[in-house]
Amino acid sequence: MTITSLSTNQDLDAKRLREAFGVFPSGVVAVASEVDGQLIGLAASSFTSVSLEPALVSFSVANTSKTWPTLRQAAHLGVTILADHHGEVCRRLAGPVEHRFDDLDVTRTGDGAVTLDDGLAMFDCSVYREVEAGDHTIVILQLHAVGAGIQGADAGRPLVFHRSGFGRLADSA
Ligand SMILES: Cc1cc2nc3c(=O)[nH]c(=O)nc-3n(C[C@H](O)[C@H](O)[C@H](O)COP(=O)(O)O)c2cc1C
């Protein structure tokens with residue numbers, strides 16, 4: 001066994017942290033709503049499932065987000081799990097606000113949740129709790145409805161975010 005000392009706090013600068021966090025692969029979701037007739041949303045790789053009863057998921061949003069204060073005003077939010085062909089869509093959803101929904105087919109609910117039509121799974125949610133966590137806020141969302149694409153062998157594959165780039169799952173043997 002090799003024993004190396006993990007260095008202390010002085011190494012926790014943002015660049016090193018980003019690199020280390022980026023080693024961990026994640027999926028990506030679109031969080032979106034309609035507020036005052038405008039589509040609003042962002043891409044988030046911090047999504048995770050939380051609880052089955054009640055049904056909860058979460059994502060973390062940067063406290064600097066200009067979108068979140070408006071996005072959270074909708075009674076319901078939509079969450080869409082992005083597929084591996086959504087790399088460009090994901091970049092757009094993180095880019096200039098006025099173009100985030102260009103060329104996207106979306107479905108809106110009467111409560112304001114917005115989901116992408118060709119996602120792998122879609123959730124209709126409302127904000128359950130917001131937890132301050134450093135420079136981010138952990139947003140816990142309660143699910144009201146779930147829709148999923150094709151299951152099994154023909155199911156689409158998720159967009160994978162890893163080391164600041166997009167990848168896809170390899171075929172299983
Ligand atoms: C792959 C990817 C994952 C992202 N994940 C998050 C995330 O988990 N939380 C977050 O606040 N922003 C995330 N962003 C950035 C947001 O999509 C968006 O660019 C950011 O919130 C700034 O825009 P805003 O000021 O309109 O919110 C991610 C961007 C990309 C490309």
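To be clear, the structure that these remarks concern was listed above.
Asker: Got a minute to help me understand the overall build of the chain in this structure?
Answerer: Per the secondary structure count, the chain includes 3 helices and 11 strands. In sequence order, the chain lays out its α and β elements as α-β-β-β-β-α-β-α-β-β-β-β-β-β. Taken over the C-alpha trace, the chain has a radius of gyration of 17 Å; the compact-globule value for 173 residues is 16 Å, and the two agree within 12%. When the 173 residues of the chain are sorted by exposure, 34% land in the buried category. Pairs at least 24 apart in sequence give 62% of the contacts found in the chain among residues at least 6 apart. A total of about 10800 Å² of accessible surface is found on the chain, and carbon and sulfur atoms cover 52% of it.

Asker: So what exactly am I meant to see when it comes to the environment of Thr 2 here?
Answerer: Along the chain, the position of Thr 2 falls in the segment before α1 (14-22). Looking at Thr 2, the relative accessible area reads 69%, which means it is exposed. For the pair Thr 2 and Val 50, spaced 48 residues apart in the sequence, the C-alpha separation amounts to 35 Å.

Asker: Looking at this structure, I do not really get a negative patch on the surface. What am I missing?
Answerer: Residues Glu 98, Asp 102, Asp 103, Asp 105, Asp 117 and Asp 118 make up a contiguous surface patch of negative charge. If you trace the backbone, Asp 103 turns up in the loop between α3 (87-93) and β6 (106-108).

Asker: Any chance you could explain the pairing of strand β9 (residues 136-148) here in plain terms?
Answerer: Looking down a regular strand, the side chains alternate between one sheet face and the other. In the sheet, strand β4 (residues 56-62) pairs with β9 via 7 bridges, with the strands oriented antiparallel. Looking at β9, one finds that Val 61 is bridged to Thr 137. Note that strand β8 (residues 121-133) and β9 share 12 bridges and pair antiparallel. Residue pairing in the sheet places Ser 126 in a bridge with Gln 142 of β9. From the end of β8 to the start of β9, which pair antiparallel, there are 2 residues, and Gly 134 there has a positive phi angle of about 65°.

Asker: It is not clear to me how the site of the ligand should be interpreted in this structure. Could you clarify?
Answerer: Inspection of the region around the ligand gives 17 residues, with Ala 43, Ser 46, Ser 60, Ser 65 and Thr 67 positioned closest. At 2.8 Å from a nitrogen atom of the ligand is found a main-chain nitrogen or oxygen belonging to Ser 60. The separation between an oxygen atom of the ligand and a polar side-chain atom of Ser 65 is 2.5 Å. Out of a free accessible area of 620 Å², the ligand has 80% covered by protein chains. For the shell around the ligand, the elements supplying multiple residues, two or more each, are β2 (38-44), β4 and α3. By residue class, the composition of the shell around the ligand is 10 nonpolar, 5 polar and 2 charged.

Asker: Which parts of the structure should I look at to understand the nonpolar core?
Answerer: Among the nonpolar cores identified, the biggest contains 18 residues, and Val 31, Phe 59 and Leu 141 are the most heavily contacted of them. Contributing elements (two or more residues each) for this core: β1 (29-35), β2, β4, α2 (68-71), β5 (77-81), β8 and β9. The contacts of Phe 59, once residues within four sequence positions are left out, are Val 31, Leu 42, Ala 44, Ser 46, Phe 47, Trp 68, Thr 137, Ile 138, Val 139 and Leu 141. Counting residues in hydrophobic clusters, the runner-up holds 13 residues, among them Val 28, Val 106, Val 114 and Leu 159.

Asker: What is the right way to look at unusual backbone geometry in this model?
Answerer: Phi is mostly negative for residues that are not glycine, and the peptide bonds are mostly trans. The amide bond that connects Glu 53 to the next residue, Pro 54, takes the cis arrangement and shows omega of 0°. Notably, Asp 103 is not glycine yet its phi reads approximately 60°, a positive angle. The exposure class of Asp 103 is exposed, given its relative accessible area of 77%. Even without being glycine, Ser 164 reaches a positive phi, approximately 70°. Its location among the elements puts Ser 164 in the loop between β10 (160-162) and β11 (165-167). A residue is classified by how much of its surface remains accessible, and Ser 164, at 60% relative accessible area, is exposed.

Asker: Can you help me understand the pairing of β2 in this one?
Answerer: With 7 bridges joining them, β1 and β2 adopt antiparallel strand pairing. Looking at the pairing, Ala 32 lines up with Gly 41 of β2. Taking the residues that link successive antiparallel strands as the turn, the β1-β2 hairpin has 2 residues, and the phi of Asp 36 there is positive, at about 50°.

Rules of the game
Residues numbered from 1 in each chain as written. Predicted model: local features only at pLDDT ≥ 70, side-chain atom pairs only at ≥ 80, totals over all residues. Heavy atoms only, no water. Helix = DSSP H or I, 4+ residues; strand = E, 2+ residues; numbered from the N terminus. Rg over C-alpha atoms; globule rule 2.2 N^0.38 Å. Buried < 20%, exposed > 50% of the residue type's maximum accessible area, 1.4 Å probe, protein only. Contact = heavy atoms within 4.5 Å. Areas by Shrake-Rupley, 256 points an atom, 1.4 Å probe, with all protein chains shown as cover. Patch = residues over 30% accessible without salt bridge, like charges linked within 9 Å, V, L, I, M, F, W, Y side chains within 5 Å. Salt bridge = Lys/Arg side-chain N within 4 Å of Asp/Glu carboxyl O. Lys, Arg positive; Asp, Glu negative; His and termini not counted. Charge placed at Lys NZ, Arg CZ, Asp CG, Glu CD. Pairing = 2+ DSSP bridges. Near = heavy atom within 4 Å. Polar contact = N/O pair within 3.5 Å; in protein donor to acceptor, adjacent residues only side chain to side chain. Nonpolar A, V, L, I, M, F, W, Y, C, P; charged D, E, K, R; others polar. Core = buried A, V, L, I, M, F, W, Y, C linked by side-chain atoms within 4.5 Å.

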